[in-house]
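A structural walkthrough
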Amino acid sequence: MCGIIGYTGPLEAPKILLEGLSALEYRGYDSAGIALCMEDSKICLAKKTGKVKNLEEYCKKMISGSAHSGIGHTRWATHGGVTDVNAHPHRAGKVVLIHNGIIENYHALTDRFHLQDRLISQTDSEVAAQTLNELYTGDPLEAIRSLIGLLEGSYSFCIMFEDQPGVIYAIRNISPLVAASTPSGSMLASDLTALIPYTRQYFVVPEQHIVKLTPYKVHVYNLDDTFSKDYPEIMTVNWNMDAAMKNGFPHFMLKEIHEQPEAMRNTILPRVSKGLPCFSDDGIPDHIFENCDQVQIIACGTAMYAGMVARAIMQPVLRIPITVSIASEFRYEEPLIDEKSLVIIISQSGETIDTLAALRLAQKCGSTTLAVVNVKGSTIARESDYVLYTHAGPEIAVASTKAYSVQLAALYMVSCRMALVRKKYTKEQAANFLGELLDVIPAMENVIAQKEHIRDVASHIIQSPDVFFIGRGLDYAFSLEGALKLKEISYIHSEAYAAGELKHGTIALISDQVPVIAIATQQHVYSKTISNIREVKARGAYIILLVKENAVVDENLADLQIRIPDVADHFTVFPIAAALQLIAYYTSLGKHLDVDQPRNLAKSVTVE
Ligand code: F6R
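Along each chain, the written sequence defines residue order, and numbers are assigned to residues from 1. Under the rules for a predicted model, residues below a pLDDT of 70 receive no local features and side-chain atom pairs below 80 are neither given nor counted, while totals for whole chains, interfaces and linings still include all residues. Based on all heavy atoms of the structure, the side-chain values leave hydrogens and waters out of the count.

1. Focus: the nonpolar core
Grouping buried Ala, Val, Leu, Ile, Met, Phe, Trp, Tyr and Cys residues that are joined through side-chain atoms within 4.5 Å yields what is termed a nonpolar core. When accessible area is computed with a 1.4 Å probe and restricted to protein chains, residues below 20% of their type maximum are described as buried, those above 50% as exposed, and intermediate ones as partly exposed. With 135 residues, the main nonpolar core has Phe-289, Val-309, Ile-344 and Tyr-412 as its most contacted residues. Take this core: its biggest share by element is 13 residues, from helix 13 (residues 402–421). Contacts were defined at the residue level, with two residues in contact if any of their heavy atoms lie within 4.5 Å. With sequence-adjacent residues up to four places away left out, Val-309 is seen in contact with Tyr-404, Leu-408, Tyr-412, Leu-474, Ala-477, Phe-478 and Val-573. If you look at the next biggest cluster of nonpolar residues, it comprises 29 residues, including Val-95, Leu-150, Leu-151 and Val-167. Only DSSP runs of H or I covering at least 4 residues are called helices, and only runs of E covering at least 2 are called strands; the numbering of each starts at the N terminus.

Right under this line is the structure:
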């Protein structure tokens, strides 16, 4: 949440900051702002509510002259409404600061430093700026260290001091930050996407460390008064600029839906050895799969729904308890996990704060942790005992699509490997399972090719205030993700129900023409689901049915159908996911909404 960028070097800073903010905008888009160190060493601020485009227009009018260093921010509001004053950067005396995270003790700091009359915004971030100004006596490192000693909460800050022209300081505690020293200058950002036009080499700022950017060097300090002993490991970006561009697609979401077959191949194929799933190149030993007596899966949102599908695949085969928990709940429970538990953490960004806290709790309980993560070098990836990287490339649209499919692909492979090492599968059964997993790739391509038909289907729900999704077993787990996708980008109230549960209350909401998206791909509960569809049809529902190609369906049952290729029942999630993503996409598009940056959301949830 919130995008941060800082630059100092020979190039014109406003261009770099504004382009960087556009690349980071998916992290938050309530308002944006920059601070520039001008030729006379004075720091000039420009901030505006709304998208980075507004800020760009504003800067054209307001900023004249040249600047070679500065900081920029896109905000996802936590404390204080969406106003120009609450936008970052915040100025306090010689200090100008931007912040990602939450300062939990900002009231106490306000009282302690008697800041009440000086604050002009309603933000916790301005309290941090004012406190830092109180502590600043000419030595930035000393003042920042003193500030850190006083703060409670999660934060990364990027700071300029008016009497230190051309120098930028940053500090990180939990909230992500990457930095790079490049021939075009020194830069840092909350996310790599802002840096890749200038460099492929970067490092992750270690937690509880301060970085100092001068035009040609990035210094790293720990919180004692010394240089950090070990300079952080320099990493190389493994995707190119194209991956973070729309490349002819009208939206990132549509592009990312189309990228799924390739992302699936990239995630699965490097882990196939002699026709079997194998994680030796990932450094994941078999004993973690052999020795556990339960699996606890933890994640948020879409990643959690991927976990629910994985549970339904794993438990019947492994015959051990598999539990799925919402990270924000798990971290405040007293979980029943111990040294014999394998805890699987799922996160696209690898930075979701609740998921990270759950990981740390699992480690405290002595459990073995395995993270399924997309972003290389992210905090969750670095802190877990083992990491299984998904290779989806950057996911820019706020609504997760390709990350969900590859999380599932990785989890299906884990399930298969576990079944093999625990002797629940023979080699032949494991090879067949893997073969069926690979078969889903053309099935997804088939569904994506049906996009015009799905666009037509979506046109039938655009006007509806409510949409219900129903299914049984695995189909119910898919429905949950379908409903989330639709609500987050179309703002239509959409809910998923286990089809058999409807008549225990929810069916009261079904009336004439209410759309019900029914998923019926699981043979063992197919006839039961069909009966449930009839129950809502009898009450006037408008039925959109998702079934396999070869299903025989009574012609009066459904108003519209989407047919997916005939893959094995356990694997239908992949083509179904593509269909549900396209329904959500075309509904949002039909309503002329901001598909990639829906209201109130942000891509990476780094506050509780
Ligand atoms: C929905 C969506 C979110 C994320 C959730 C977890 O489309 O993207 O529900 O899945 O915020 O994020 P990660 O996977 O980054 O931990």
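2. Details of the site of the ligand
By nearness alone, 13 residues border the ligand, and Ser-347, Gln-348, Ser-349, Thr-352 and Glu-488 come closest of all. Polar contact is the term for a pair of N or O atoms within 3.5 Å; when the atoms are in protein, one must be able to donate a hydrogen and the other to accept it, and sequence-neighboring residues count only if both atoms are side-chain atoms. Here an oxygen atom of the ligand and a side-chain polar atom of Ser-349 are 2.7 Å apart. Between Thr-352 and the ligand, the recorded distance is 2.5 Å, taken from a side-chain N or O atom to an oxygen atom. For the ligand, whose accessible area on its own is 410 Å², the fraction buried by protein is 89%. The set of elements that each furnish at least two residues to the shell around the ligand consists of helix 9 (301–318) and helix 16 (474–490). For the shell around the ligand, the element with the highest residue contribution is helix 9, accounting for three residues. Lys, Arg, Asp and Glu make up the charged group, whereas Ala, Val, Leu, Ile, Met, Phe, Trp, Tyr, Cys and Pro make up the nonpolar group; the residues left over, Gly among them, are polar. Split into classes, the residues belonging to the shell around the ligand amount to four nonpolar, seven polar and two charged. For this purpose, a residue is taken to be near a molecule or strand whenever a single non-hydrogen atom of the residue falls within 4 Å of it. What sets the accessible areas is the Shrake-Rupley method with a 1.4 Å probe; for residues, cover comes only from the shown protein chains.

3. Regarding the sheet that holds strand 22 (residues 466–471)
The five strands are arranged 23-22-24-25-26 in an open sheet whose pairing can be described as parallel. At either end of the open sheet lies a strand with only one pairing partner, and these are strand 23 (493–498) and strand 26 (560–564). On average, each strand axis in the sheet is inclined to that of its neighbour by 20°, with strand direction left out of account. Looking at chain direction, strand 25 (residues 542–548) and strand 26 are connected through five bridges and run parallel. For Leu-545, the partnering residue across the bridge sits in strand 26 and is Gln-561. At least two DSSP bridges between two strands are required for those strands to pair. Fitted lines through C-alpha atoms give the axes, limited to the stretch in contact for helices. The angle between two N-to-C directions lies from 0 to 180 degrees.

4. Quick word on the sheet that holds strand 17 (residues 294–299)
Taken in spatial order, the five strands of this open sheet run 18-17-19-20-21, and their pairing is parallel. In this open sheet, the two edge strands, each paired with only one partner strand, are strand 18 (322–326) and strand 21 (386–389). Each strand of the sheet is rotated relative to its neighbour by a mean of 20°, with strand direction disregarded. On the sheet, helix 9 packs against strand 17, strand 18 and strand 19 (341–347) and is oriented at approximately 170° with respect to strand 18. Lying over the sheet, helix 13 contacts strand 17, strand 19, strand 20 (368–373) and strand 21, oriented at roughly 165° with respect to strand 19.

5. Notes on the pairing of strand 3 (residues 43–49)
As defined by bridge partners, strand 2 (residues 31–38) adjoins strand 3 across seven bridges and the pair is classed as antiparallel. Its bridge partner lying in strand 3, Ala-32 is registered against Lys-48.

6. Brief notes about the domain arrangement of the chain
Taken as a whole, the chain is organised into domain 1 (3–237), domain 2 (247–447) and domain 3 (451–590). Facing the 32 residues of domain 2 at the interface are 29 residues of domain 3. In this assembly, domain 2 packs against domain 3 so that about 2,600 Å² is buried in total across both faces, 75% of it on carbon and sulfur atoms. Broken down residue by residue, the surface that domain 2 buries against domain 3 is led by Tyr-305, Tyr-404 and Val-447, which jointly contribute 23%. Any Lys or Arg side-chain nitrogen found within 4 Å of a carboxyl oxygen on Asp or Glu counts as a salt bridge. Connecting domain 2 to domain 3 are zero salt bridges. Across the domain 2-domain 3 interface, the total number found is eight residue pairs in polar contact (both at pLDDT 80 or more). Looking at the side of domain 2 that touches domain 3, the elements that each hand over two or more residues are helix 6 (252–258), helix 7 (260–268), helix 9, helix 13 and helix 14 (427–449). Broken down by element, the side of domain 2 that touches domain 3 gets its largest block of residues, nine residues, from helix 14. Residues of the side of domain 2 that touches domain 3, tallied by class, amount to 21 nonpolar, nine polar and two charged. Domain start and stop points were drawn from an automatic or database domain assignment. What gets called buried area is simply the loss in accessible area from a 1.4 Å probe that two parts show on being joined, summed for both.

7. Some thoughts on the pattern of salt bridges
In this structure the tally under the stated criterion is 24 salt bridges. With a closest N to O distance of 3.2 Å, Lys-60 and Glu-57 form a salt bridge. Placement of the pair is Lys-60 and Glu-57 together in helix 2 (residues 52–62), with a separation of three residues, close to one helical turn. Since its relative accessible area comes to 61%, Lys-60 is described here as exposed. The partly exposed category is assigned to Glu-57, whose relative accessible area is 43%.

8. A word on helix 11 (residues 353–364)
Under the 1.5 Å per step criterion, the end-to-end length of helix 11 is 17 Å for twelve residues, consistent within 8% with the ideal 16 Å. By the burial criterion, the buried members of helix 11 are Ile-353, Asp-354, Thr-355, Leu-356, Ala-357, Ala-358, Leu-359 and Ala-362. Among the structural elements, strand 7 (153–161), strand 17, helix 10 (327–330), strand 19, strand 20 and helix 12 (379–383) are those in contact with the buried residues of helix 11. Of the residues flanking the end of helix 11, it is Gly-366, one or two places downstream, whose phi is positive at about 85°. To estimate how far a helix should extend, the number of its residues minus one is multiplied by 1.5 Å.

9. Topic: the packing of helix 1 (residues 13–24) against helix 2
It is at 10 Å that the axes of helix 1 and helix 2 come closest, and there the two elements cross at 165°. For the element pair helix 1 / helix 2, the angle class is roughly antiparallel. Two packed elements cross with a definite hand, and for helix 1 against helix 2 that hand is left-handed. On helix 2, the residues touching Leu-18, Leu-21 and Ser-22 of helix 1 are Val-52, Leu-55, Glu-56 and Cys-59. Looking at the contact of helix 1 with helix 2 residue by residue, the class counts come to five nonpolar, one polar and one charged. When describing relative orientation, an angle under 35 degrees is termed roughly parallel and one over 145 degrees roughly antiparallel, while 65 to 115 degrees is termed roughly perpendicular and anything else oblique. With the far helix as reference, a near helix turned anticlockwise by less than a right angle produces a left-handed crossing, and one turned clockwise produces a right-handed crossing.

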